[in-house]
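# Understanding the architecture of this molecule
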Amino acid sequence: MIEPAQRIKQLPRYLFAEIDRLIREKTAQGVDVIRLGIGDPDRPTPAYIIERMAAETGRPENHHYPPNEGLTEFKEAAAAYYRERFGVVLDPEREVLPLIGSKEGIANISFCFVDPGDLNLVPDPGYPVYSIGTCFAGGEVYRMPLTAANGYLPRLDQVPAEAAARAKLIFLNYPNNPTGAVASLEFFQEAVAFARRHRVLICHDAAYSELVFDGGRPLSLLEAEGAKEVGIEFSSLSKSFNMTGWRIGFAAGSAAALEVLGRFKTNVDSGLFKAIQYAGAEALNNRQRDSFIASLQELYRERRDIVVGALRCLGWPIDPPRGSFYIWAPVPKGYTAQEFTALLLEQAGVAVTPGRGFGEYGEGFFRIALTVESGRLREAMDRISRVARYV
Ligand SMILES: *Cc1c(COP(=O)(O)O)cnc(C)c1O
């Protein structure tokens, strides 16, 4: 074998490998492991989307390469969705760019703006793709700690001047994975001011934008005054419409930034299957959209309350998260995140994710994904109650 490139050799050790091994071992022993590790919706894609997909796959004109810049129907649907859900007006041709899932855009955006020696501001704990994309492009990462004390929002006023001066991109993600925190319009406004002052591009990952609870309303970065000049927002159909396997999302915002990302993409991929773009347009624009999203919010709220209630009974000091489909909880004293996760798997047959996998500030926490039916969740919490308490 020839040597892999440095960028591959420098990839962080896969922190979930040990957990994956334990899950396989337990399953082989006949243990019915309840998997609360991965954030992949358990429910199927709504029928109205599948029906459109079925019709479009049969049309021969859809079997060719799609246009590089994406299908107009999908981009117009995305613009209509932003107008109706967020009151944000977008030019569908210049301010919307279809993506092969939002992860694709999040990983590629650093190649568009980061040279060796540049730096990106990345939330920690956070979705690992922000920092890995940065490193692939030869950039450095400055980790902005997300702590309970700050409501899991980065303190932009505490980013060192030297880091702010070198920064090209700042990644944000609300509702947040893994902490479940939500941002306010004031915070987005503060981020826009920061981006203006330091000439950085805000890359807001809005994968969970529709998953908010307790009367909170979905919020877009682009609602903030001036955000379109200094920011782009990555939207995903994966979590909002149970479409993780379909691979469809889009970026919206700064036309100048999207032009660069689009130019990059024409050189590395050839766009999304046209039938999927039509199905995506259906997802975003069908009259059933709002009622489907409301039912999804209700589903995860109910599951959240089961888990938060059970954890509180066991002494956990946690507040119900106001968004996403995760519970972020501290591990009991005397354990690392990895050790506690291993204990839950070993003794309760419940798989959760160690917080350390999301960055150094994730140490001391674990994450539960609410992507199994409530009966299963209750069973998981029952099992946990037999082996652990928060002390
Ligand atoms: C799931 C997830 C994504 C990826 O979404 P895709 O559109 O399926 O690529 C991006 N960001 C966060 C924080 C996620 O949890």
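Right above here is the structure, for reference.
Below: a short report on this structure.

Quick notes on the rules
Each chain carries its own residue numbering, running from 1 in the written order of its sequence. pLDDT decides what is reported in this predicted model: residues at 70 or higher carry local features, side-chain atom pairs at 80 or more are listed and counted, and totals for whole chains, interfaces and linings draw on all residues regardless. No hydrogens and no water enter the side-chain calculation; it runs on all heavy atoms of the structure. With axes taken as lines fitted to C-alpha atoms, and helix axes fitted only over the stretch in contact, angles between N-to-C directions fall between 0 and 180 degrees. Secondary structure elements are defined from DSSP: runs of H or I of at least 4 residues count as helices, runs of E of at least 2 residues count as strands, and each element is numbered from the N terminus. Any angle that falls under 35 degrees is termed roughly parallel, while one over 145 is termed roughly antiparallel, one within 65 to 115 roughly perpendicular, and all others oblique. Each crossing is labelled by how the near helix is turned from the far one, with a counterclockwise turn of less than a right angle marking it left-handed and a clockwise turn marking it right-handed. Contacts are residue-level and defined by heavy atoms, with any inter-residue pair within 4.5 Å sufficient. Each residue gets one label: Ala, Val, Leu, Ile, Met, Phe, Trp, Tyr, Cys and Pro are nonpolar, Asp, Glu, Lys and Arg are charged, and the others, such as Gly, are polar. Whether a residue is near a molecule or strand is decided by its heavy atoms; if any one of them lies within 4 Å of it, the residue is near. A 3.5 Å cut-off defines polar contacts: any pair of N or O atoms within that distance qualifies, except that in protein one atom must be a possible hydrogen donor and the other a possible acceptor, and neighbouring residues in sequence count only when both atoms are side-chain atoms. At least two DSSP bridges between two strands are needed for those strands to be called paired. Aromatic rings from Phe, Tyr and Trp, taking only the six-membered ring of Trp, are treated as a pair when their centres fall within 6.5 Å; an angle between ring planes under 30 degrees marks them as stacked, one over 60 as edge-to-face, and anything in between as tilted. For every residue, the accessible area obtained with a 1.4 Å probe (protein chains only) is divided by the maximum for its type, and the residue is called buried under 20%, exposed over 50%, and partly exposed between those limits.

## Digging into the packing of helix α3 (residues 47-57) against helix α12 (residues 274-285)
Direction vectors running N to C along α3 and α12 enclose 150°, while the axes themselves pass 8 Å from each other. Between α3 and α12, the crossing angle belongs to the class labelled roughly antiparallel. Two packed elements cross with a definite hand, and for α3 against α12 that hand is right-handed. Between α3 and α12, the residues in contact are Y48, I49, R52, M53, E56 and T57 and A275, I276, Y278, A279, E282 and A283, respectively. Here the residues of the contact of α3 with α12 are counted per class, giving eight nonpolar, one polar and three charged.

## Examining the site of the ligand
Taken together, 14 residues surround the ligand, and among them D205, Y208, S236, S238 and K239 come closest. At a separation of 2.7 Å, an oxygen atom of the ligand approaches a polar backbone atom of S102. In the environment of the ligand, an oxygen atom lies 2.6 Å from a nitrogen or oxygen atom belonging to the side chain of S236. For the shell around the ligand, the elements supplying multiple residues, two or more each, are α5 (102-113) and α10 (237-240).

## As for the sheet that holds strand β7 (residues 231-236)
Ordered in space as β2-β8-β7-β6-β5-β3-β4, the seven strands form an open sheet in which the pairing is mixed. Strands with a single pairing partner mark the edges of an open sheet, and in this sheet they are β2 (96-99) and β4 (140-145). For this sheet the average axis-to-axis angle between neighbouring strands, irrespective of direction, equals 25°. Relative to strand β8 (residues 249-253), β7 runs antiparallel, the two being bridged by five bridges. When the sheet's bridge partners are listed, I232 is paired in β8 with G253.

## Points about the packing of aromatic side chains
This model, assessed by the stated rule, comprises 22 aromatic pairs. Here Y127 and Y130 contribute two aromatic rings whose centre-to-centre distance is 5.7 Å and whose plane-to-plane angle is 65°, an arrangement assigned as edge-to-face. Taking the relative accessible area as the measure of exposure, Y127 reaches 24% and is therefore partly exposed. Taking relative accessible area as the criterion, Y130 reaches 0% and is therefore assigned buried. Centroid distance W316 to Y390: 5.7 Å. Interplanar angle 45°. Geometry classified as tilted. Linking W316 in the loop between α13 (289-313) and β9 (326-330) with Y390 in the segment after α15 (374-387), this pair joins segments that are 74 residues apart in sequence. You can call Y390 partly exposed: its relative accessible area is 21%. In textbook terms, an aromatic cluster arises when at least three aromatic residues are bridged by ring pairs, as seen for F74, Y81, Y82, F86 and F250.

## Some words on unusual backbone geometry
Cis rather than trans, the peptide bond between Y174 and P175 has omega equal to -10°. Tracing the sequence through the fold places P175 in the loop between β5 (167-173) and α8 (185-198). Residue N177 is joined to P178 through a cis peptide bond whose omega torsion reads 15°. One non-glycine residue, D214, adopts positive backbone phi at about 60°.

Such coordinate-based values are descriptive only and should not be taken to indicate function.
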